[in-house]
Structures are given as C-alpha cells and as structure tokens.
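Residue-level structure breakdown
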Amino acid sequence: ETGVTQSPTHLIKTRGQQVTLRCSSQSGHNTVSWYQQALGQGPQFIFQYYREEENGRGNFPPRFSGLQFPNYSSELNVNALELDDSALYLCASSGRGRTSTEAFFGQGTRLTVV
Amino acid sequence: DAKTTQPPSMDCAEGRAANLPCNHSTISGNEYVYWYRQIHSQGPQYIIHGLKNNETNEMASLIITEDRKSSTLILPHATLRDTAVYYCIVNTDSWGKLQFGAGTQVVVTP
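This report concerns the structure included in the present document. Counting restarts for each chain, with residues numbered from 1 along the sequence as it is written. To label them, take the chains in the order written and letter them from A, then take the ligands in the order written and number them from 1. Two thresholds apply to this predicted model, a pLDDT of at least 70 for residue-level local features and 80 or more for giving and counting side-chain atom pairs, whereas whole-chain, interface and lining totals are computed over all residues. Think of the side-chain values as coming from all heavy atoms in the structure, minus any hydrogens and water.

Notes on the overall build of chain A
Convention followed: In DSSP terms, a helix is any run of H or I states spanning at least four residues, a strand is any run of E spanning at least two, and both are numbered starting from the N terminus. When we talk radius of gyration, it's over C-alpha atoms, and the globule rule is simply 2.2 Å times the number of residues to the 0.38. Buried means the residue's accessible area, taken with a 1.4 Å probe over protein chains only, is under 20% of the maximum for its type, while exposed means over 50%, and partly exposed covers the values in between. Contacts were defined at the residue level, with two residues in contact if any of their heavy atoms lie within 4.5 Å. For the accessible areas, the method is Shrake-Rupley and the probe is 1.4 Å, while residue cover comes only from the protein chains on display.
Each helix and strand in chain A was counted, giving zero helices and eleven strands. The linear arrangement of helices and strands in chain A, starting from the amino end, is β-β-β-β-β-β-β-β-β-β-β. Computed over the C-alpha atoms, the radius of gyration of chain A is 13 Å, within 12% of the 13 Å expected from 2.2 N^0.38 for a compact globule of 114 residues. Overall, chain A is about 45 × 25 × 25 Å in size when its C-alpha atoms are taken along their principal axes. Out of the 114 residues in chain A, the part that is buried amounts to 47%. Long-range pairs, those at least 24 residues apart, make up 53% of the contacts in chain A between residues at least 6 apart in sequence. Accessible surface, chain A: about 5600 Å² in total, of which carbon and sulfur atoms supply 47%.

Here you go:
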C-alpha cells in the first residue's frame with residue numbers, strides 16, 4: 001500500500017467523449033504526477049502538479065489537462081477521446097525536499113476507448 | 001527517449017541472486033540512478049536510487065561504476081514475488097518526472 005488512491009479502477013468510454021480521472025496523494029505529499037502506460041510499454045510522463053500549478057509537461061496534446069486541489073489531490077481530464085487513449089493511467093505522489101526522494105504510485109485507472 | 005539501455009528480459013532461479021544491468025553512458029553529473037519495478041497490473045514501486053556511491057536497502061543493492069556510465073541492481077535472493085518489469089531511470093528531478101524506458105522483464109522460476 002502506497003497511500004495513493006486512484007478512481008475509478010476501470011472505465012469504458014466512447015470515442016469523442018470526455019473523461020475525468022482522480023488521484024488522492026499520499027499524506028504530506030504536495031506533488032502529483034500523471035503517466036500514461038500503453039499495453040507492453042513503460043509509463044510515459046503526462047504532466048506534474050506542484051502546489052496547484054502545472055510544473056512540467058510531457059509530449060501530450062492540450063486535450064490532456066489537469067488540476068490539483070488545495071488538499072493536493074488531483075484530476076486528469078482528457079477531452080475528445082481517441083482510440084489510442086486506451087491505456088493504464090497512473091498517478092504518482094512525491095514530497096519535496098533537499099534530498100532526492102521516491103515517487104509513490106497508485107494502482108492506476110484502466111481506460112478503454114471504444 | 002529514455003536515457004538508459006536495459007536487456008529486454010532475463011530469467012533467474014528462485015533463491016539465487018539476480019543481477020540486472022543498465023547502461024546510462026550519457027548520464028550527467030547531477031543525475032541520479034533510480035530503479036523501480038512494476039509487478040503485473042500494479043503501479044510501479046520504488047526500489048532504490050544512488051548518485052555515485054553503492055547503495056543497499058532491504059530490497060536490493062545498487063552498484064554504480066566509477067565512471068557512472070552503467071549500474072547493476074542486485075536482488076540478493078530472488079523469490080517468485082520478484083517477477084516483474086524492472087526499470088532503470090536517470091533523473092535530476094527527484095519529484096516524480098520520471099522517464100521510463102521499456103525495462104527488463106525478470107522472471108523468477110522455481
């Protein structure tokens with residue numbers, strides 16, 4: 001158990017729809033990162049939020065957007081879903097400090113776009 | 001693209017040490033070496049990290065060469081539960097912007 005929870009665990013959407021995925025970070029962690037993992041591949045960094053501001057973004061189009069709330073929980077929103085958006089979406093929370101720390105991942109949300 | 005190169009797969013006998021290599025020839029002086037693993041259908045799990053000294057914790061040991069261009073993760077006594085994909089990552093950002101490659105699929109057999 002990492003203390004990072006994601007909801008829902010599974011989701012099926014139709015092409016063109018919009019989806020919102022949620023993540024509760026580990027207590028005391030103020031940084032949340034989102035990843036997309038296609039079948040058979042390693043996770044790909046989407047973006048990161050630190051203290052409610054976006055703090056870095058990977059190579060994903062603007063229809064991927066996010067939010068971080070004052071309690072540091074986060075949402076990932078994807079508009080105009082495409083078939084290739086089918087993947088496992090992972091959330092990771094981490095703390096900040098002088099020394100390097102690890103990221104703690106949730107179990108992920110499996111999104112299927114049909 | 002990932003900054004590391006790992007073999008795509010390796011097998012290990014239960015109870016034996018598993019030595020997982022990683023090449024990171026373009027590593028910068030301020031980049032750490034991280035290892036994560038991902039057991040099927042779960043999120044990645046942190047194992048260990050280091051800068052230039054060898055590191056050991058309850059899960060594994062990390063050996064980094066003197067020139068820092070490669071490293072080896074050692075699982076001292078592999079168990080069936082160690083079957084997973086192992087990712088070697090070099091990163092300056094310790095706060096979660098991790099660049100994963102394809103990793104090494106490790107299968108531990110009885």
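A closer look at the environment of B:Pro7
All names here are of chain B. The topology assignment puts Pro 7 in the segment before strand E1 (9-13). The class for Pro 7 is partly exposed, based on a relative accessible area of 28%. Along the backbone, Pro 7 and Ala 60 are 53 residues apart, and their C-alpha atoms lie at a distance of 19 Å. In contact with Pro 7, not counting residues within four places along its chain, are Pro 21, Gly 103 and Thr 104.

Brief notes about the pattern of salt bridges
Here is the rule we go by: Definition used for salt bridges: Asp or Glu carboxyl oxygen within 4 Å of a side-chain nitrogen of Lys or Arg.
The tally for this structure, following the rule as stated, stands at six salt bridges over all chains. Among the ionic pairs, A:Arg57 bridges to A:Glu54, the shortest N-O distance being 3.4 Å. A relative accessible area of 31% places A:Arg57 in the partly exposed class. Between B:Asp82 and B:Arg37 there is a salt bridge, with its nearest N and O atoms 2.8 Å apart. Of this pair, B:Asp82 sits in the loop between strand E7 (70-75) and strand E8 (84-91) while B:Arg37 sits in strand E3 (residues 32-38), and the two are 45 residues apart along the sequence. In this pair, the class of B:Asp82 matches that of B:Arg37, namely buried. One salt-bridge network, in which partners are shared between bridges, spans A:Arg63, A:Glu82 and A:Asp85.

Structural notes on the interface of chain A and chain B
Quick reminder of the rule: The buried area of a pairing is the accessible area, by a 1.4 Å probe, that goes missing from both parts when the two are put together, added over both. Throughout this description, a polar contact denotes any pair of N or O atoms lying within 3.5 Å of each other; where both atoms belong to protein, one of them has to be capable of donating a hydrogen while the other can accept it, and for residues adjacent in sequence the pair is counted only when both atoms sit in side chains. Residues are grouped as follows: nonpolar covers Ala, Val, Leu, Ile, Met, Phe, Trp, Tyr, Cys and Pro; charged covers Asp, Glu, Lys and Arg; every other residue, Gly included, is treated as polar.
Contacts between chain A and chain B engage 26 residues on the former and 19 residues on the latter. Interface area for chain A against chain B, summed over the two sides, is near 1700 Å², with a carbon-plus-sulfur share of 51%. The interface formed by chain A and chain B contains six residue pairs in polar contact (both at pLDDT 80 or more). Elements with a minimum of two residues in the side of chain A that touches chain B: strand E4 (31-37), strand E5 (44-50), strand E6 (53-57) and strand E9 (87-94) of chain A. Taken together, the residues of the side of chain A that touches chain B break down into seven nonpolar, 17 polar and two charged.

Brief notes about the nonpolar core
Residue and element names in this part refer to chain B. So the rule is basically this: By convention a nonpolar core is built from buried Ala, Val, Leu, Ile, Met, Phe, Trp, Tyr and Cys residues, the set being connected through side-chain atoms within 4.5 Å.
Counting residues in hydrophobic clusters, the biggest one holds 21 residues, and the most contacted among them are Leu 20, Val 33, Trp 35, Ile 47, Leu 73 and Tyr 86. Those elements that provide at least two residues to this core are strand E2 (18-23), E3, strand E4 (45-50), strand E6 (61-64), E7, E8 and strand E9 (104-109). By residue number, the principal contributor to this core is E8, which donates four residues. Every residue in contact with Val 33, bar those within four places of it in the chain, is listed here: His 24, Ile 27, Ile 48, His 49, Gly 50, Leu 62, Ile 64, Ser 71, Cys 88, Ile 89 and Val 90.

Describing the sheet that holds E2(B)
All names here are of chain B. Rule in force here: Following DSSP output, two strands are said to pair if at least two bridges run between them.
The four strands lie next to each other as E2-E7-E6-E5, forming an open sheet whose pairing is antiparallel. The two strands at the open ends of the sheet, each matched to only one other strand, are E2 and strand E5 (55-56). Strand direction decides the pairing type here: E5 and E6, joined by two bridges, are antiparallel. The residue bridging Thr 56 from the neighbouring strand is Ser 61, located in E6.

Concerning the pairing of E4(B)
Residue and element names in this part refer to chain B. Among the six residues that make up E4, five are buried, leaving the element largely enclosed by the rest of the structure. Bridging between E3 and E4 involves five bridges; their strand directions are antiparallel. Among the inter-strand pairings, Tyr 34 is bridged to a residue of E4, identified as His 49. In textbook terms, the turn of a hairpin is the stretch between consecutive antiparallel strands, and for E3 and E4 this stretch comprises six residues, one of which, Ser 41, has a positive phi near 70°.

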